[in-house]
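The chain contents come next:
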Amino acid sequence: KPPPKQIKIAPPVTTTGLTDVDVRSGMQVAALKQAVTDHLRYSIGHPPVATTLHDYYYALALAVRDRMQHRWLNTLQTNFDLKRKIVCYLSAEFLMGPHLGNNLLNLGIEQEARAALAELGQDLDIVLECEEEPGLGNGGLGRLAACYLDSLATLQRPAVGYGIRYEFGIFDQEIHDGWQAEITDKWLRYGNPWEIAKPEVAHYVNWGGHTEYYRDEAGNDRVRWMPYRVVKGTAYDTPTQGYGVNNCNTLRLWSAEAVESFDFQAFNTGDYYQAVEDKIISETVTKVLYPNDEPQIGKHLRLGQQYFFVSCSLQNMLHILSLSGVPVENFAERYAVQLNDTHPSIGVVELMRLLVDERRLDWDKAWAITVQTFGYTNHTLLPEALETWPLPMFQALLPRHLEIIYEINRRFLDEVRARFSGDEARVARMSLIGEEGEKCVRMAHLAAVGSHAINGVAALHSDLLKASVLKDFYEMWPERFSNKTNGVTPRRFLALANPGLRALLNEALGEQWPVNMEQLHQLEAKADDAAFRRKWRAIKEANKKRLADYILAHTDIELDPTWLFDIQVKRIHEYKRQHLNVLHIVTLYRRLKENPGLNISPRAFIFGGKAAPGYFMAKRIIKLINGVAETINADPDVNTRMKVAFVPNFNVQNAQLIYPAADLSEQISTAGKEASGTGNMKFMLNGALTIGTLDGANVEIREEVGAENFFLFGLTTEEVEHIKREGYHPTDCIASNSELRTVLELINSGYFSRGDAEVFRSVVNNLTYSDPFLVLADYAAYVACQERVSAAWQDKENWTRMSILNTARSGKFSSDRAIREYCDEIWNVQPATVKL
Ligand code: NBG
């Protein structure tokens with residue numbers, strides 16, 4: 001095809017003397033101001049009397065999006081022209097957080113936007129609060145995907161994030177009488193200025209039905225899938241702007257709709273309900289995010305969601321490949337596809353189906369392409385979180401895929417037998433089909449077999465992966481395994497979340513540190529400078545005041561910003577051991593009651609996090625925290641020295657207030673259970689000291705910051721395993737520790753539940769008779785470690801020194817470091833500079 005003619009249109013001039021181009025792309029105050037007023041008038045269209053703060057948010061968001069638009073288009077064009085390899089990050093979750101502040105930061109126009117709004121009589125900070133964040137993720141896994149998109153764009157790597165446009169994201173949490181209540185997240189209610197609908201970018205996805213064999217023109221045996229239903233997926237694109245560069249990548253989320261909105265046949269015969277039924281069933285696929293963090297739920301619809309977005313994404317890649325005139329045989333040279341956990345691992349089978357059934361490649365060639373294309377990141381070793389699908393369910397939804405899996409498995413197990421002859425136990429262990437109990441498809445095995453690279457998310461986790469869950473696979477293909485320790489973006493979680501510290505870092509280091517976090521090491525010298533430490537403390541205290549104001553507004557609990565802020569925010573899960581934290585709080589409470597003269601550092605214990613709606617124990621733990629908070633906060637004997645607060649609805653937006661306000665970061669999971677953690681990194685970046693076990697990335701955090709600047713306690717992974725092997729008896733811990741016994745009895749007595757001795761019985765009984773996460777085994781060590789924290793806090797200067805060193809030595813945990821490793825060692829994707 002000849003290239004389209006270049007048409008030049010002279011930009012019209014507006015009455016303000018700004019060109020139209022300026023209004024759409026100008027970065028100066030005047031252009032932004034004009035753009036906001038234009039959008040208020042032409043995009044939103046409320047008369048002045050009805051114009052709300054939210055309208056200002058929306059207008060500014062559209063103005064900012066305009067400014068990303070030519071960067072985005074130039075990025076797409078550049079990627080197309082250069083024909084470079086591109087990263088496709090497949091993830092069922094992208095927890096992006098509010099866009100406006102971040103995009104202003106990454107474009108470098110915060111001050112201009114602030115001034116423009118000020119001229120319109122508005123305050124940027126208040127306008128920013130109007131944004132309803134897209135909560136399309138549960139926790140660490142989804143937020144990691146978002147941090148990685150930020151780094152990919154910033155490092156100028158061509159990349160697309162592929163995922164699901166859930167109509168309802170993670171629920172909003174309210175606290176009613178101490179209990180969690182779940183409120184549906186209607187994030188699209190007032191529109192979404194950040195996405196661009198692409199109704200013409202659509203792919204069709206089959207469900208159910210059966211397969212048929214036929215012979216093609218060339219006489220080859222082939223398979224045809226005769227589906228029961230077809231669903232259409234359309235693309236919604238969200239540009240993701242890199243920091244300080246023109247590169248602006250794409251987050252492409254798929255939304256499901258019926259192929260035809262109405263079955264006219266049924267409509268004409270008068271069956272109206274039949275006519276709309278198909279539409280309803282189809283649209284159900286992307287309705288709601290499953291709010292489970294770690295445990296898998298074996299729901300038909302969930303498998304449907306996974307297959308839906310993966311199929312759309314792979315079809316999209318093939319389509320773009322053919323647009324660029326690249327033969328399908330070169331797929332793996334153009335795409336590096338990463339599986340964010342096993343959720344998208346059906347992609348291994350779907351790519352085989354597309355290549356073999358639809359593109360008619362032969363099996364061996366298709367398989368070589370598939371393995372070369374995929375990489376698999378494992379995010380958990382918890383057995384209850386490893387995905388398996390019962391065969392009947394799988395067969396009913398994806399009959400063709402099950403056949404392909406059998407064939408992959410047959411060839412794979414032949415290989416296993418060839419390598420380890422006579423070892424049938426190994427063959428059974430490694431099979432893609434689990435046969436103990438109900439037969440099922442093992443998705444982690446599928447991901448491992450179909451990927452050339454397999455990684456864990458922290459050094460310890462990657463080692464445990466090789467030694468446990470994927471041990472057999474490691475023995476078969478050691479060269480496939482590596483570690484990629486997680487990272488977090490310093491743009492959102494330091495520069496944006498902590499403007500006070502940003503200003504100080506700019507002053508001390510210049511302005512390159514957000515893209516070169518190793519420069520933070522230069523702060524080490526400043527740790528011994530008393531004037532610098534004073535500034536550091538003032539910033540921390542201002543951040544604590546900001547959080548205290550937020551907590552007061554949302555809980556009516558008043559916290560003193562001069563106290564030690566001891567914070568645990570993350571999903572509520574027994575392995576993360578929020579209840580261990582509570583046991584310490586109750587211990588301290590009792591000590592103060594018994595010994596009013598006790599010298600302790602005054603502390604605010606702050607919690608936040610959602611529980612999966614069906615997770616009984618996690619919901620009791622929330623109630624327990626709130627019960628303890630109510631009692632302690634109301635007790636004049638102690639409430640001048642300790643208080644407890646539960647921040648409702650922990651999300652990215654309030655996380656940005658929470659991390660910068662922490663003195664102490666609680667990372668107290670049972671050793672071996674937390675794959676990495678990323679909250680731990682966000683706290684460290686902001687100068688919090690960590691109290692933690694040797695788990696996940698805590699190990700590396702301690703290595704970086706030095707043992708003397710980290711509060712370590714608790715059993716190691718080996719010790720945990722040893723105790724479990726020997727038979728763990730939590731009652732022994734209680735028998736040998738009278739203080740622990742009294743604490744448990746106090747909770748059990750109804751003291752923290754207005755006399756109701758039933759409410760917490762299940763929690764106490766679980767700890768006493770089962771305690772699967774060794775809370776009681778670590779209790780004494782934890783309490784002792786907290787005493788060391790308390791003593792250390794008394795020495796303000798030294799605490800500040802340690803705080804500075806935490807930030808100074810946090811560079812490793814930038815997602816830029818992680819993404820460079822992925823690009824260099826797994827994806828082989830080079831930077832592509834985008835010019836305007
Ligand atoms: C979580 C782990 C965290 C880890 C994040 C991101 C899942 C399945 N895993 O420890 O629990 O930080 O993944 O890697 O959500």
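Since the model is a prediction, treat every value here as computed from it, not as a measurement.

Engineer: Which parts of the structure should I look at to understand the pattern of salt bridges?
Structural biologist: A pair can form between side chains of opposite charge whenever their charged atoms are brought close. Within the structure shown, the criterion is met by 57 salt bridges. Note that E217 and R360 form a salt bridge whose closest N and O atoms lie 3.2 Å from each other. Taken together, the residues E217 in the loop between β6 (210-215) and β7 (221-226) and R360 in the loop between α12 (347-358) and α13 (363-373) connect sequence positions 143 residues apart. R591 is the salt-bridge partner of E787, the closest N and O atoms lying 2.7 Å from each other. Taken together, the positions of E787 in helix α33 (residues 775-794) and R591 in helix α24 (residues 578-594) put the pair 196 residues apart, joining distant regions of the chain. Through salt bridges that share partners, D423, R426, R429, K471, D472 and E475 make up one connected network.

Engineer: Is there a simple way to explain the packing of aromatic side chains in this structure?
Structural biologist: Note on aromatic pairs: each is described by the distance of the centres and the angle between the planes. Taken as a whole and assessed by the stated rule, the structure comprises 23 aromatic pairs. Measuring from centroid to centroid gives 6.2 Å for W225 and Y307, while their planes differ by 50°, and the two rings are tilted. Note that W225 is positioned in strand β7 and Y307 in helix α10 (residues 300-323), a separation of 82 residues in sequence. Using a relative accessible area of 9% as the deciding quantity, one classes W225 as buried. On the accessibility criterion, Y307 (0% relative accessible area) is buried. Arranged with centres 5.1 Å apart and planes meeting at 80°, the rings of Y751 and F752 form a pair that is edge-to-face. The partly exposed category is assigned to Y751, whose relative accessible area is 36%. Cation over ring: R165 sits above Y236, and NZ or CZ is 3.9 Å from the ring centre. When the ring centre of F493 is taken as reference, the NZ or CZ atom of K682 above it lies at 4.5 Å.

Engineer: Explanation requested: the environment of I625 in the structure shown.
Structural biologist: Within the secondary structure layout, I625 lies in helix α25 (residues 616-633). For I625, a relative accessible area of 1% puts it in the buried group.

Engineer: Teacher, can you tell me more about unusual backbone geometry here?
Structural biologist: Excluding glycine, a negative phi dihedral is what most residues carry, and trans is how most peptide bonds are arranged. In the Ramachandran plot, K83 falls in the positive-phi region, its phi being about 55° despite a non-glycine side chain. As for its placement among the helices and strands, K83 is situated in the loop between α3 (53-82) and β1 (86-90). Using a relative accessible area of 38% as the deciding quantity, one classes K83 as partly exposed. The residue D177 is not glycine, and still its phi comes out positive at about 55°.

Engineer: Got a minute to help me understand α13 in this structure?
Structural biologist: In an α-helix there are 3.6 residues to a turn, and that puts residues three or four apart on one side. Residues of α13 that are buried include every one of W363, A366, I369, T370, V371 and T373, and no others. Looking at the buried residues of α13, the elements they touch are α11 (331-334), β10 (335-340), α12, β11 (374-377), α15 (399-419) and α17 (443-449).

Engineer: Help me out: how do you make sense of the packing of α3 against helix α4 (residues 100-107) in this one?
Structural biologist: The axes of two packed helices give the description: the angle between them and the distance between them. In contact at an axis separation of 10 Å, α3 and α4 are set at 40° when each is read in the N-to-C sense. If you check the angle between α3 and α4, you find them oblique. With respect to the hand of their crossing, α3 and α4 are arranged in left-handed fashion. Along the contact surface, α3 presents Y57, L60, A61, V64, R67, M68 and R71, while α4 presents L100, N103, L104 and L107. Residues that form the contact of α3 with α4 fall into these classes: 8 nonpolar, 1 polar and 2 charged.

Engineer: Would you take a moment to explain the nonpolar core for this structure?
Structural biologist: One broad trend across soluble globular proteins is that nonpolar side chains are buried collectively. In this structure, F308, F394 and W827 are the most contacted members of the largest nonpolar core, which totals 112 residues. The residues contacting W827, other than those within four sequence positions of it, are K85, V87, Y89, L152, A336, Q338, I819 and Y822. With 64 residues, the next largest nonpolar core counts A612, L689, F713 and V764 among its residues.

Engineer: Any chance you could explain the site of the ligand here in plain terms?
Structural biologist: Neighbouring the ligand are 14 residues; E294, H379, N486, E674 and G677 lie closest to it. E294 has a polar side-chain atom sitting 2.3 Å from an oxygen atom of the ligand. Within the side chain of E674, one N or O atom sits 2.6 Å away from an oxygen atom of the ligand. Considered on its own, the ligand offers 380 Å² of accessible surface; in the complex 95% of this is hidden by protein.

Engineer: Please explain the environment of L744 as it appears in this structure.
Structural biologist: Looking at the secondary structure, you find L744 in helix α31 (residues 738-748). As for L744 and L767, which are separated by 23 residues in sequence, their C-alpha atoms are 9.1 Å apart. Non-local contacts of L744, meaning those with residues more than four positions away in its chain, are made with L583, I734, V764, L767, T768 and L776.

Engineer: In this structure, what is going on with the side chain of N806? I would like to understand it.
Structural biologist: Here N806 shows up in helix α34 (residues 796-808). Assessed through its relative accessible area of 0%, N806 is described here as buried. Setting aside anything within four residues of it in sequence, one finds N806 in contact with M684, G687, A688, L689, V705 and N709.

Engineer: Mind showing me how you'd approach the environment of T388 here?
Structural biologist: Looking at the secondary structure, you find T388 in strand β12 (residues 388-390). A relative accessible area of 28% means that T388 is categorised as partly exposed. Between the alpha carbons of T388 and L432 there is a distance of 9.7 Å; along the sequence they are 44 residues apart.

Engineer: Where do I start with the domain arrangement of the protein in this structure?
Structural biologist: Interfaces are often described in size by the accessible area the parts lose on coming together. Looking at the assigned domains, one finds that the protein contains domain 1 (83-98 + 133-484) and domain 2 (524-819). Counting from both sides, the interface comprises 39 residues of domain 1 and, opposite them, 43 residues of domain 2. In total, domain 1 and domain 2 occlude about 3,300 Å² of area from one another, counting both sides; carbon and sulfur atoms represent 60% of this. The largest per-residue losses of area from domain 1 upon contact with domain 2 belong to Q173, W179 and L460, which jointly make up 18% of the total buried on that side. At the junction of domain 1 and domain 2, the tally comes to 2 salt bridges.

Engineer: In this structure, what is going on with the sheet that holds strand β21 (residues 689-692)? I would like to understand it.
Structural biologist: Hydrogen bonds along the backbone pair up the strands of a sheet, which may run parallel or antiparallel. Spatial ordering of the open sheet is given by β19-β18-β17-β20-β21-β22, a layout of 6 strands whose pairing is parallel. Lying at the two open borders of the sheet, with one neighbouring strand each, are β19 (642-647) and β22 (711-712). Bridge count between strand β17 (residues 564-569) and strand β18 (residues 603-608): 6 bridges; the pairing is parallel. Bridge pairing in β18 links I567 to I606.

Engineer: How should the state of the cysteines be read in this particular structure?
Structural biologist: Such a bond, covalent and formed between the sulfur atoms of two cysteines, is termed a disulfide. Applying the stated criterion across every chain yields a total of 0 disulfides. Summary of cysteine pairing: C147 is not part of a disulfide, and the nearest cysteine sulfur, belonging to C823, is at 15 Å. Free cysteine: C785, not disulfide-bonded; nearest cysteine sulfur from C733 at 18 Å. The exposure class of C785 is buried, given its relative accessible area of 0%.

Engineer: Honestly, the packing of helix α2 (residues 29-44) against α3 in this entry has me stumped. Any pointers?
Structural biologist: Taken N-terminus to C-terminus, the directions of α2 and α3 make an angle of 115°; their axes are 8 Å apart at the nearest point. In the packing of α2 onto α3, the handedness of the crossing is right-handed. Residue-level inspection shows A31, L32, A35, V36, H39, L40, S43 and I44 of α2 in contact with α3, the latter providing D55, Y56, Y58, A59, L60, L62, A63, D66 and R67. Partitioned by chemical class, the residues of the contact of α2 with α3 number 12 nonpolar, 2 polar and 3 charged.

Definitions and cut-offs
- Every chain begins its residue count from 1, and numbering advances along the sequence as written.
- Confidence filtering applies because this is a predicted model: local features only for residues at pLDDT of at least 70, side-chain atom pairs given and counted only at 80 or more, and all residues used for totals across whole chains, interfaces and linings.
- Side-chain metrics in this entry use all non-hydrogen atoms of the structure; hydrogen atoms and water are not considered.
- A carboxyl oxygen of Asp or Glu within 4 Å of a side-chain nitrogen of Lys or Arg is what we treat as a salt bridge.
- Helix and strand definitions follow DSSP, with helices as H or I runs of at least four residues and strands as E runs of at least two, each counted in order from the N terminus.
- Stacked, tilted and edge-to-face pairs are distinguished by plane angle, under 30 degrees for stacked and over 60 for edge-to-face with tilted covering the rest, among Phe, Tyr and Trp rings (Trp via its six-membered ring) whose centres lie within 6.5 Å.
- Under the scheme applied here, a residue whose accessible area is under 20% of the maximum for its type counts as buried, over 50% as exposed, and between as partly exposed, the area being computed with a 1.4 Å probe on protein chains only.
- Whether a charge sits over a ring comes down to the Lys NZ or Arg CZ being within 6 Å of the ring centre and within 35 degrees of the ring normal.
- A contact between two residues is defined here by any heavy atoms of the two lying within 4.5 Å.
- Every axis in this analysis is a line fitted to C-alpha atoms, fitted for helices over the stretch in contact. Angles between the N-to-C directions lie between 0 and 180 degrees.
- Oblique is the label for any angle not covered by the other classes, which are roughly parallel (under 35 degrees), roughly antiparallel (over 145) and roughly perpendicular (65 to 115).
- By convention, the crossing between two helices is left-handed when the near helix turns anticlockwise from the far helix through less than a right angle, and right-handed when the turn is clockwise.
- Classification used: nonpolar for Ala, Val, Leu, Ile, Met, Phe, Trp, Tyr, Cys and Pro, charged for Asp, Glu, Lys and Arg, polar for all others including Gly.
- What makes a nonpolar core is a set of buried Ala, Val, Leu, Ile, Met, Phe, Trp, Tyr and Cys residues whose side-chain atoms join them at distances within 4.5 Å.
- Near is defined per residue: the residue qualifies when any heavy atom it owns lies within 4 Å of the molecule or strand.
- Polar contact criterion, stated in full: a pair of N or O atoms within 3.5 Å, where within protein one must be able to donate a hydrogen and the other to accept it, and residues adjacent in sequence count only if both atoms are side-chain atoms.
- Note on areas: Shrake-Rupley, 1.4 Å probe, and residue coverage restricted to the protein chains presented here.
- For every domain, the bounds stem from an assignment made automatically or drawn from a database.
- When two parts are put together, the accessible area they lose, computed with a 1.4 Å probe and summed over both, is reported as buried area.
- Two strands make a pair as long as DSSP finds a minimum of two bridges between them.
- Cysteine sulfur atoms are paired as a disulfide whenever they come within 2.5 Å of each other.

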